[in-house]
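Topology and contacts: notes
Below are the chains, spelled out letter by letter.
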Amino acid sequence: MCHRQLRFIKMTGCGHLQFTGDTTLDCNRRDCFISSAHPPNCANGQTNCRCRRYYTQPERITTSEQPGKCNICL
């Protein structure tokens, strides 16, 4: 299923993660409404397409560590 990669910096002073950005990853499955591989005519005469319409759990990635505390803990 399609999902998001969330990128964080870990603050070593308090251990909190600080969000820096995200990327959406395409699963390339025809039965996923969010995917670019989903056909535009999927309903096949029905009123609505019944394909999955949600992202799976995001992947959390810590890109680096920085000394000090986050803005909340200062």
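Residues numbered from 1 in each chain as written. Predicted model: local features only at pLDDT ≥ 70, side-chain atom pairs only at ≥ 80, totals over all residues. Heavy atoms only, no water.

Turning our eyes to something else, we now look at the side chain of H3. Relative to the assigned elements, H3 resides in strand β1 (residues 3–11). Within the local environment of H3, its side chain forms a polar contact with the side chain of E59, the two groups lying 3.4 Å apart. When near neighbours in sequence (up to four residues on either side) are disregarded, H3 contacts T23, T24, L25, Y55, T56, Q57 and E59. (Helix = DSSP H or I, 4+ residues; strand = E, 2+ residues; numbered from the N terminus. Polar contact = N/O pair within 3.5 Å; in protein donor to acceptor, adjacent residues only side chain to side chain. Contact = heavy atoms within 4.5 Å.)

On to the pairing of β1. As paired elements, β1 and strand β2 (residues 17–25) share 8 bridges and run antiparallel to each other. Note that in β2 the partner of R4 across the bridge is T24. Counting the residues between successive antiparallel strands, the hairpin from β1 to β2 contains 5 residues, one of them, G15, with a positive phi of roughly 85°. Here β1 runs beside strand β3 (residues 59–66); their pairing, made up of 7 bridges, is parallel. (Pairing = 2+ DSSP bridges.)

Before going further, it helps to examine the environment of Q46. Considering the arrangement of structural elements, one finds Q46 in the loop between β2 and β3. Taking C-alpha positions, Q46 is 38 Å from G21, a pair spaced 25 residues apart along the chain.

So, about unusual backbone geometry. Negative phi values dominate among residues other than glycine, just as trans dominates among peptide bonds. Even without glycine at this site, N28 takes up a positive phi of about 60°. The residue N28 is located in the loop between β2 and β3 in this model. Relative accessible area serves as the criterion here: at 51%, N28 is assigned to the exposed category. (Buried < 20%, exposed > 50% of the residue type's maximum accessible area, 1.4 Å probe, protein only.)

Bringing the pattern of salt bridges into the picture now. For the structure shown, the criterion picks out 3 salt bridges. D22 is the salt-bridge partner of R4, the closest N and O atoms lying 2.9 Å from each other. Of the two residues, R4 is situated in strand β1 and D22 in strand β2; the sequence distance between them amounts to 18 residues. When the shortest N-O distance is used, the salt bridge between R52 and D31 registers 2.9 Å. You can see R52 sitting in the loop between β2 and β3 and its partner D31 sitting in the loop between β2 and β3, a full 21 residues away along the chain. Judged by relative accessible area, which is 33%, R52 ranks as partly exposed. (Salt bridge = Lys/Arg side-chain N within 4 Å of Asp/Glu carboxyl O.)

Looking now at the sheet that holds β2. Here 3 strands make up an open sheet; going across it, the order is β2-β1-β3 and the pairing mixed. At either margin of the open sheet sits one strand with a lone partner, and together these are β2 and β3. Geometrically, the sheet is characterised by an average inter-axis angle of 20° between neighbouring strands, direction not taken into account. (Axes fitted to C-alpha atoms, helices over the stretch in contact; angles between N-to-C directions.)

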